[in-house]
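Structural characterization, general
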Amino acid sequence: MRTKSTKKHTINVVTLGCSKNVYDSEVLMGQLRANNKEVVHEQEGEVVVINTCGFIDNAKEESVNTILSYVQKKQEGLVEKVFVTGCLSERYKPDLIKEIPDVDQYFGTTELPSLLAALGADYKHELVGERLTTTPKNYAYLKIAEGCDRPCSFCAIPLMRGKHKSKTIEDLIIEATKLANDGVKELILIAQDLTYYGLDLYKKRALKDLLEELVKIEGIEWIRLHYAFPSGFPLEVLDFMRQEPKICNYIDIPLQHISDTVLKSMRRGTTEEKTNALIREFRQRVPGIAIRTTLIVGYPGETQEDFDLLKQWVKDTKFDRLGCFTYSHEENTHAFNLEDDVPEEVKMQRANEIMALQSDISWALNQEKIGKEYRVVIDRKEGEYYVARTEFDSPDVDNEVLIPAQQGYLRQGNFYKVLINEAEDFDLYAKVID
Ligand code: SF4
C-alpha cells in the first residue's frame, strides 16, 4: 500500500507586477506561516502560487509566460500543484481556465480565504498587519488602501482591484508598529491613489492625519509617499512633509501627460495649468523636494503637436525621477472605445525620446550633487560597492548611491552621512564622512 507522504510541502510564492502585489504576496505568506506552512518566496517548492499582474500588455505577457513555465514544470513532475492569483487571474479567469487548464485553480484579488483553503490553511482575521516581508529588512511597503474610484480612461486597475477602500488608521498603526519592531526603518506608503485616503472612511482626505500618527512610531526613520493623484491633492501634506524630518521630501505622482486635449480624453480631471500650479506648490512648500512621475505616450489621438508639448514640458519641469509607458489598448476600459491610432513603433520612439531627455536631465541634476553631503541608508552590498539611497530615492525605481566597500564595513539598514564625489545619469558615487 502506497503510504501517504507526510513530508511537509513547501509553498513557493512567486510575485509579478507592482509593489501592491508584493504586499499581497507578503500577506498571503504571513497567513501561511501562521498556519505552520513551509513557505518561501521565489525559491523551490512542491506547490507554487503565482501572484500575477494584469495591468498592460507586457505585464500580462510576463504573467502568462510565468504560468506556462510552472505548468511545464508540473508536467515534468518538478512541482506538484500550481495555483494562480492576482490581477491577471481576476481579469481573465474564464479565458485562463479554458486556455491553460493544467493550473490547479485560479483565484481573484479578493479570494485570499479560498486560496488559503486550497493550500490547506485557514484565513486568520486576527492577523492584522501580519506579513512575511520580502523586501530588505530596512524597508517595507505599507498599503493604506485598496482599489480606485478614479475614471482614468486607459486604466484597467479598477476592473481588477475594485472600488477605493481605505484601511483604518488604527490598523495601519498596529501594522507599522509591528514592522518597526521587526527592524523596519523606512515605510513606503502605497495605494492605487494615496491622496484619496480616508474619503470613504472618514469623509475627508486623511493622509496627513495618518502621517501624524505614523511619525510617532519609534524606530521608523523615513516615510515615503507613492502613487499620489494630481486633482484634489491635500496640500496640508506638503506642509507636514516640510516640518516633519521623518517624511521624506519625496513625492511619486503619476501625471501621465500635459496636453489638455489628451488629459481630457484620459479623464484625468486636471489640466496643464492646474498640473503646473501643483508642481509649483510642491517646490514652494517643500524646497528641494524630489518629484517622481510617470507618463504615457502614444495615447489614442496623441498628435505630434501633443507630443512636442509633452517633450518641452519634461525639458522645462526637470523632474527628478521619471518613467514612461507606451499606451496599451486595454479591453473594457473607456479608452478601448477609441481607435488605437498611434503605431507601435511611433509609441516606442516617443517613449525612447522622453527617456533620453530624462537621462540628460538626471545627469545634469546629479552633477549638482557632487561635493554635497547626504544622509543615506545602506540597502545591500553588491560586488565592490555598498548600495545606498538618499531620502530622494525609492528602492528599485530611483537613483542609487554607490560606496566603495574597501572604505570599510557598513551595516545594512544603517544610516550614514556621505559626500558625493562622482555622478552619472542614474547613479551617484560617495564616501562616508560620518
Ligand atoms: S488613479 Fe491610477 S489606478 Fe486609479 S484609475 Fe487612475 S491610473 Fe488607474
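The structure under discussion appears in the preceding block.
Residues numbered from 1 in each chain as written. Predicted model: local features only at pLDDT ≥ 70, side-chain atom pairs only at ≥ 80, totals over all residues. Heavy atoms only, no water.

We now examine the nonpolar core. Residues Ile144, Leu187, Leu189, Leu211 and Leu214 are the most contacted members of the largest nonpolar core, which totals 56 residues. Apart from residues lying up to four places away in sequence, leucine 211 is in contact with Leu189, Ile223, Leu225, Val237, Phe240 and Ile247. (Core = buried A, V, L, I, M, F, W, Y, C linked by side-chain atoms within 4.5 Å. Buried < 20%, exposed > 50% of the residue type's maximum accessible area, 1.4 Å probe, protein only. Contact = heavy atoms within 4.5 Å.)

Bringing the packing of helix H11 (residues 304-317) against helix H12 (residues 344-367) into the picture now. Packed helix pairs are specified by the crossing angle of their axes together with the interaxial distance, meaning the distance between the axes. For the pair H11 and H12, the least separation of the axes is 10 Å and the interaxial angle reads 15 degrees. Between H11 and H12, the interaxial angle falls into the category roughly parallel. In this structure, H11 meets H12 at a crossing whose hand is right-handed. On the side of H11, the interface is formed by Gln304, Phe307, Leu310, Lys311, Val314 and Lys315, while H12 contributes Arg350, Glu353, Ile354, Leu357, Gln358 and Ile361. (Axes fitted to C-alpha atoms, helices over the stretch in contact; angles between N-to-C directions. Helix = DSSP H or I, 4+ residues; strand = E, 2+ residues; numbered from the N terminus. Parallel < 35°, antiparallel > 145°, perpendicular 65-115°, else oblique. Left-handed = near helix turned anticlockwise from the far one by under 90°.)

Here we take up the sheet that holds strand S5 (residues 105-106). One open sheet holds the five strands; their spatial order is S2-S1-S3-S4-S5, and the pairing between them is parallel. Each edge of the open sheet is held by one strand with a lone partner, namely strand S2 (38-41) and S5. Across the sheet, helix H2 (residues 57-75) is in contact with strand S1 (10-15), strand S3 (47-52) and strand S4 (81-86); its angle to S3 comes to roughly 170 degrees. In the packing of helix H3 (residues 87-99) onto the sheet, contacts are made with S3, S4 and S5, and the angle to S4 comes to roughly 125 degrees. (Pairing = 2+ DSSP bridges.)

Spanning 19 residues, H2 covers 27 Å between terminal C-alpha atoms, matching the ideal 27 Å at 1.5 Å per step. Within H2, the full set of buried residues consists of Ala59, Lys60, Ser63, Thr66, Ile67, Tyr70 and Val71. Taken around the axis of H2, the buried residues stretch over an arc of 135 degrees, which confines them to a single face. When the buried face of H2 is taken as reference, the exposed residues oriented beyond 90 degrees from it are Asn58, Glu61 and Gln75. Buried residues along H2 sit in contact with S1, S3, S4 and H3. In the stretch just after H2, glycine 77 is the one whose phi turns positive, near 75 degrees. (Expected span 1.5 Å × (residues − 1). Arc of directions from axis to C-beta.)

All right, on to the site of the ligand then. Neighbouring the ligand are the residues Cys148, Arg150, Cys152, Phe154, Cys155, Ile157, Pro158, Gln192, Phe229 and Arg268. Within the shell around the ligand, the residues separate by chemical class into seven nonpolar, one polar and two charged. (Near = heavy atom within 4 Å. Nonpolar A, V, L, I, M, F, W, Y, C, P; charged D, E, K, R; others polar.)

Before going further, it helps to spend a moment on the pattern of salt bridges. All chains considered together, the criterion is met by 35 salt bridges. Taking the shortest distance from any N to any O, the salt bridge between glutamate 146 and lysine 143 comes out at 2.8 Å. Lysine 143 gets classed as buried once you look at its relative accessible area, which sits at 4%. Notably, a salt bridge pairs glutamate 281 with arginine 285, separated by 2.6 Å at the nearest N-O pair. Here glutamate 281 pairs with arginine 285, and both are found in helix H10 (residues 272-285), just four residues apart, close to one helical turn. Among the residues examined, arginine 285 registers a relative accessible area of 23% and is labelled partly exposed. (Salt bridge = Lys/Arg side-chain N within 4 Å of Asp/Glu carboxyl O.)

Glancing now at the environment of glycine 129. Relative to the assigned elements, glycine 129 resides in the loop between helix H4 (112-118) and strand S6 (139-143). In sequence terms glycine 129 and leucine 310 are 181 residues apart; their C-alpha atoms lie 41 Å from each other. Ignoring any residue separated from it by four or fewer positions in sequence, one finds glycine 129 in contact with Glu175 and Lys178.

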